[in-house]
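Here's the letter readout for the chains.
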Amino acid sequence: HSTENNYVLGVKMVRGAYIHSEPDRDLLHDTKADTDTEYDQAVRLLVGSNGASLADEKGAGATWSADLMLATHNTHSAREALRLYRERFLTRGIGPAAHGAGLRSLAFAQLKGMADELSFKLTEVIESMSAEASGTALEAEPDVARRLPGIGVYKYSIWGTFQECRLYMLRRAEENKDAAARSRTTALAIVREMGRRVLPFTRS
């Protein structure tokens with residue numbers, strides 16, 4: 001549809017957010033593993049391809065372009081998206097086509113207070129990739145460097161009274177039990193580090 005009507009597709013990819021309210025159960029995968037596989041395949045299509053339309057069976061050269069936001073707390077999916085971005089746009093030095101086909105921007109988003117360690121790691125890697133893109137690898141082709149798809153990390157917060165936000169937060173917590181477990185691990189790491197700094201004599 002975006003190809004036929006010549007507009008940039010905006011995609012926000014979430015996983016399992018409405019599993020309890022989806023009226024057509026046939027649209028849902030049987031297992032989380034199947035859901036994860038499909039999510040990552042969609043990421044590969046949007047990040048790793050050149051914008052060629054899958055619907056263009058006659059090979060007419062139709063293309064699509066998209067701005068992609070991965071609203072996920074899943075570490076594997078986020079790392080895979082970064083790997084694909086690095087491979088396509090940095091390692092191989094392939095920028096978007098002159099007509100803007102394919103991926104135009106890639107953003108990651110996590111709820112404030114959840115998976116913060118993932119957000120920080122993504123930011124660290126993206127800063128490193130930005131430095132790499134400005135370095136020797138692309139010096140020979142500065143136009144390619146300027147045309148690299150934008151990439152960034154966002155934290156989003158809910159807004160409203162406690163009563164208005166309570167059910168939303170409970171649903172997010174249920175859907176992101178793995179993120180909650182990671183947050184506990186992060187909290188323990190912070191406590192240990194604070195103890196190490198406050199009590200220097202405990203250092204080995």
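In the block above lies the structure referred to throughout.
Overview of the structure. (Residues numbered from 1 in each chain as written. Predicted model: local features only at pLDDT ≥ 70, side-chain atom pairs only at ≥ 80, totals over all residues. Heavy atoms only, no water.)

1. Considering the side chain of S119
- Relative to the elements of secondary structure, S119 occurs in helix α4 (residues 116-133).
- On the basis of relative accessibility, which here comes to 3%, the residue S119 falls in the buried class.
- Apart from residues no more than four positions distant in its own chain, S119 is found in contact with Q110, V153 and K155. (Helix = DSSP H or I, 4+ residues; strand = E, 2+ residues; numbered from the N terminus. Buried < 20%, exposed > 50% of the residue type's maximum accessible area, 1.4 Å probe, protein only. Contact = heavy atoms within 4.5 Å.)

2. A closer look at the packing of helix α2 (residues 32-48) against helix α3 (residues 75-91)
- One can describe the packing of α2 onto α3 by two numbers: an axis separation of 10 Å at closest approach and a directional angle of 20°. By the angle between their directions, the pair α2 and α3 is classed as roughly parallel. Like other packed secondary-structure pairs, α2 and α3 cross with a definite hand, here right-handed. Residue-level contacts link Y39, D40, V43, R44, V47 and G48 of α2 to H76, S77, E80, A81, L84, Y85, R88 and F89 of α3.
- Across the contact of α2 with α3, the residue classes tally to seven nonpolar, three polar and four charged. (Axes fitted to C-alpha atoms, helices over the stretch in contact; angles between N-to-C directions. Parallel < 35°, antiparallel > 145°, perpendicular 65-115°, else oblique. Left-handed = near helix turned anticlockwise from the far one by under 90°. Nonpolar A, V, L, I, M, F, W, Y, C, P; charged D, E, K, R; others polar.)

3. A closer look at the environment of V14
- With respect to the helices and strands, the residue V14 is situated in the loop between β1 (9-13) and α2.
- If we skip the residues at most four places from it in the chain, V14 touches Y39 and A71.

4. Let's talk about the environment of A133
- Looking at where A133 falls in the secondary structure, it is placed in helix α4.
- Residue class for A133 comes out buried when judged on its relative accessible area of 11%.
- Between the alpha carbons of A133 and T91 there is a distance of 9.5 Å; along the sequence they are 42 residues apart.

5. Some remarks on the sheet that holds β1
- With respect to topology, four strands assemble into an open sheet ordered β1-β2-β3-β4, the strand pairing being parallel. In this open sheet, the two strands that pair with only one neighbour each are β1 and β4 (150-156). Taken over all neighbouring pairs, the strand axes of this sheet differ in orientation by 20° on average, direction set aside.
- The pairing of strand β2 (residues 65-71) with strand β3 (residues 102-111) spans seven bridges and is parallel. Residue A71 lies in a different strand from β3, and its bridge partner there is A109.
- Against the sheet, α3 engages β2, β3 and β4, with an angle of about 155° to β3.
- Here α4 sits on the sheet and contacts β3 and β4; the angle it forms with β4, its principal contact strand, is near 160°. (Pairing = 2+ DSSP bridges.)

6. Comments concerning α4
- In this model α4 runs 26 Å from its N-terminal to its C-terminal C-alpha over 18 residues, within 8% of the 26 Å that 1.5 Å per residue would give.
- Three or more residues of α4 are buried, namely L118, S119, L122, I126, M129 and A133. The buried residues of α4 all sit within an arc of 95° when viewed along its axis, so they share a single face. Facing away from the buried side of α4 by more than 90 degrees, the exposed set consists of F120 and E127. (Expected span 1.5 Å × (residues − 1). Arc of directions from axis to C-beta.)

7. Describing the nonpolar core
- Grouped together as the largest cluster of nonpolar side chains are 26 residues, with contacts concentrated most on M13, V43, V47, L68, L70, L106 and F108.
- Where this core is concerned, the elements lending two or more residues are β1, α2, β2, α3, β3 and α4.
- Contact partners of M13, with chain neighbours within four places excluded, come to Y39, A42, V43, L46, L68, M69, L70 and A71. (Core = buried A, V, L, I, M, F, W, Y, C linked by side-chain atoms within 4.5 Å.)

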